[in-house]
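Topology and contacts: notes
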Amino acid sequence: QVQLVESGGGLVQAGGSLRLSCATSGTFSPNVMGWFRQAPGKEREFVAGITWSGSSTVYADSLKGRFTISRDNAKNTEYLQMNVLQPEDTAVYYCAARRRGYSAVVSTTTEYDYWGQGTQVTVSS
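As the structure is a computational prediction, the values presented were derived from the model and not from experiment.

The rules behind the values
- Residues numbered from 1 in each chain as written.
- Predicted model: local features only at pLDDT ≥ 70, side-chain atom pairs only at ≥ 80, totals over all residues.
- Heavy atoms only, no water.
- Pairing = 2+ DSSP bridges.
- Helix = DSSP H or I, 4+ residues; strand = E, 2+ residues; numbered from the N terminus.
- Axes fitted to C-alpha atoms, helices over the stretch in contact; angles between N-to-C directions.
- Buried < 20%, exposed > 50% of the residue type's maximum accessible area, 1.4 Å probe, protein only.
- Phe/Tyr/Trp six-rings, centres within 6.5 Å; stacked < 30°, edge-to-face > 60°.
- Lys NZ or Arg CZ within 6 Å of the ring centre and 35° of its normal.

Quick look at the sheet that holds strand 8 (residues 77-82)
Paired through their backbone hydrogen bonds, the strands of a sheet run either parallel or antiparallel. Strand order in the open sheet formed by 4 strands is 1-3-8-7, and the pairing between neighbours is antiparallel. The open sheet terminates on both sides in strands that have one partner only, identified here as strand 1 (4-7) and strand 7 (67-72). When strand polarity is set aside, the average angle formed by the axes of neighbouring strands in this sheet is 15 degrees. For strand 1 and strand 3 (residues 18-24), the ladder comprises 4 bridges, and the chain directions are antiparallel. Within the sheet, the bridge partner assigned to Leu4 lies in strand 3 and is Thr24.

So this is what it looks like as structure tokens:
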């Protein structure tokens, strides 16, 4: 069974940093993984995505430069480093993965097949 488990969320002051982690189940090694977030009353939105090698990454335009996605395949773990956090970054952050047959990073929620339970990130002003 495919499982994705996020960790690392919490409360941080504006300007601070957090690093989120997403661990996959031992038998699941997706080629494409990503991060999405959803604020109260808002649609779930794309944050970043990454391919197996880590050489191909895609970011939401508004977040590029502050957020960095990476992965450690030996640990079956995906990371999201978030810097210079702002109150508008407050949301539930979700780890996601595409089926193993896909190889391209995409930004649409419906193109991802597996999801973690989410981890809350709250940024205070």
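Comments concerning the pairing of strand 11 (residues 119-124)
Only one face of strand 11 is covered, namely the one carrying Thr119, Val121 and Val123; the face carrying Gln120, Thr122 and Ser124 has none of its residues buried. As defined by bridge partners, strand 2 (residues 10-13) adjoins strand 11 across 4 bridges and the pair is classed as parallel. Note that in strand 11 the partner of Gly10 across the bridge is Val121.

Observations concerning the packing of aromatic side chains
For the structure on display, the rule yields 6 aromatic pairs. For the ring pair Phe36 and Tyr112, a centre distance of 5.0 Å and an interplane angle of 75 degrees mean the geometry is edge-to-face. A residue pair is termed long-range when its members are at least 10 positions apart, and Phe36 in strand 4 (residues 32-38) and Tyr112 in the loop between strand 9 (91-97) and strand 10 (114-115) qualify at 76 residues. Of the two residues, Phe36 and Tyr112, both sit in the buried class. Every member of this aromatic cluster is reached through a ring pair, and the members are Phe36, Phe46, Tyr94, Tyr112 and Trp115. For the cation-ring pair, Arg44 lies above Trp115, with the distance from its terminal atom to the ring centre recorded as 4.9 Å. Looking at Arg98, its charged tip hangs above the ring of Tyr102, at a distance of 4.2 Å from the centre.

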